[in-house]
Amino acid sequence: MIPESFDLLTPNRSDIAPIQAHIEVTIDDLLASLRRPERLSPEERRGIIARYTSVLEGNFIYWMTSAYLSARSTAAHAIIQDNLLEEVRDNHPGMMRKFAMAADAFPTDSDALAVHRNLHNVRLFVGRLSGVKILLMMAFFEGFISRFMPYLAELGRRQGSAEQEYTEVHGVCDVAHTQGLFRALEAEAALMDYPLTPATNPLEGVEVLLALIQNIVHPRIADQIHLQVNR
Ligand SMILES: [Fe+2]
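These numbers come from a predicted model, not from an experiment. (Residues numbered from 1 in each chain as written. Predicted model: local features only at pLDDT ≥ 70, side-chain atom pairs only at ≥ 80, totals over all residues.)

(A) Examining the overall build of the protein chain more closely. Along the backbone of the protein chain there are 10 helices and zero strands. From first element to last, N terminus to C terminus, the protein chain shows the α and β order α-α-α-α-α-α-α-α-α-α. Going through the 231 residues of the protein chain one by one, you find that 41% of them count as buried. Here the analysis covers contacts within the protein chain between residues at least 6 apart in sequence; of these, 85% occur between residues at least 24 apart. (Helix = DSSP H or I, 4+ residues; strand = E, 2+ residues; numbered from the N terminus. Buried ≥ 20, exposed ≤ 12 C-beta atoms within 10 Å, placed from the backbone. Contact = placed C-beta atoms within 7 Å.)

Following this line, the structure appears as structure tokens:
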């Protein structure tokens, strides 16, 4: 659970600075919880890449599309459209798949099942089409992805792969994407007169996505779930 430590009660209801800072801290904590790549076994490294790929390849564009369908403001639509255009035009799912295959970490059915429950929860959440909450979730996602890339690249290198296109592209472009999504959030919250306070639970999507990412990066937790699924 994310503690409701952010103080969002500001005169300007669409002021996103406190919630942006809160998401930065959430990402800091998540990255600090990662085990060092050299301390992971080859199977643990493979598992992280495989579960990450299993989630990212088929869902990122789907969830960004749900942000587009949910948003009402012109500014948010323009920003999300640019993001989607880049994803589709430059074949980011293909880049992701190439990275996983080169690291000999293409997801198996066991990898997909290991994240099944948390993935399902994110899908249920985005299906409710709450524009502000989905934009916040995607800003968190982009912010996490950009800062996770050096770690993911190191996992790939230690798996003997020289393929770095996915990690290089996403370490750079997702920084701008994250800023864009926070601008989209600001426009959307202002248009909808949506108060970004704990009372409206704006971090609901961030919480379900955080649980999924923790499921990806913490092999022991994921392995336990995998064992339960196969029992
Ligand atoms: Fe991408």
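(B) Spotlight on the packing of helix α2 (residues 42-70) against helix α9 (residues 204-217). Remark: α2 packs on α9, axes separated minimally by 8 Å, with the N-to-C direction vectors making an angle of 145 degrees. Residues I48, R51, Y52 and V55 of α2 form the contact with α9, whose participating residues are L212, I216 and V217. Looking at the contact of α2 with α9 residue by residue, the class counts come to six nonpolar, no polar and one charged. (Axes fitted to C-alpha atoms, helices over the stretch in contact; angles between N-to-C directions. Nonpolar A, V, L, I, M, F, W, Y, C, P; charged D, E, K, R; others polar.)

(C) Local environment of the nonpolar core. Core analysis: the biggest nonpolar cluster contains 59 residues, and L135, L136 and L185 have the highest contact counts within it. Contributions of two or more residues to this core are made by α1 (17-32), α2, α3 (74-89), α4 (92-102), α6 (116-126), α7 (131-158), α8 (165-191) and α9. Take this core: its biggest share by element is 15 residues, from α7. Here L135 is in contact with A67, A71, A76, L181, A184, L185 and E188, once residues within four sequence places are set aside. (Core = buried A, V, L, I, M, F, W, Y, C linked by C-beta atoms within 7 Å.)

(D) Seen up close, unusual backbone geometry. Here L129, not a glycine, exhibits a phi torsion of approximately 55 degrees, which is positive. In this structure, L129 sits in the loop between α6 and α7. Judged by the 13 C-beta atoms lying within 10 Å of it, L129 falls in the partly exposed class.

(E) Local environment of the environment of R35. Mapped onto the elements, R35 comes out in the loop between α1 and α2. Look at R35 and you get partly exposed, because 15 C-beta atoms sit within 10 Å. When the C-alpha atoms of R35 and V217 are compared, they prove to be 8.6 Å apart, with 182 residues separating the residues in sequence.

(F) Focus on α7. Between the first and last C-alpha of α7 there are 39 Å, a value that for 28 residues agrees with the 40 Å anticipated at 1.5 Å per step. The largest bend along α7 reaches roughly 45 degrees and is located at F148, with the proline P150 sitting one to four residues downstream. Most of α7 is tucked away, with 20 of its 28 residues classed as buried. Among the residues trailing α7, G160 stands out with phi positive, at a value near 90 degrees. (Expected span 1.5 Å × (residues − 1). Bend = angle between axes of the 7 residues up to and from the residue.)

(G) Summary view of α9. Here α9 contains 14 residues, and its C-alpha end-to-end distance of 20 Å stays within 8% of the 20 Å for a straight helix at 1.5 Å per residue. Among the residues of α9, those classed as buried are G205, V206, V208, L209, L210, I213, N215, I216 and V217.

(H) Region of interest: the packing of α2 against α7. Running from amino to carboxyl end, α2 crosses α7 at an angle of 155 degrees, the nearest separation of the two axes being 11 Å. One finds that α2 runs roughly antiparallel with respect to α7. Here α2 and α7 pass one another in a crossing that is left-handed. Side by side, α2 and α7 meet where R45, I48, I49, Y52, W63, M64, S66, A67 and S70 of the first sit next to G131, I134, L135, M138, L152, L155, G156 and R158 of the second. (Parallel < 35°, antiparallel > 145°, perpendicular 65-115°, else oblique. Left-handed = near helix turned anticlockwise from the far one by under 90°.)

(I) Highlighting the environment of L85. With respect to the helices and strands, L85 occurs in helix α3. Classification of L85 by C-beta neighbours within 10 Å gives exposed; the count is 10. Residues L85 and I61, 24 residues apart in the sequence, show an inter-C-alpha distance of 9.9 Å.

(J) Structural context of the environment of A17. Along the chain, the position of A17 falls in helix α1. Expressed as a C-alpha distance, the spacing of A17 and E186, which sit 169 residues apart in the sequence, is 9.5 Å.

By themselves, these observations are geometric and do not establish any function.
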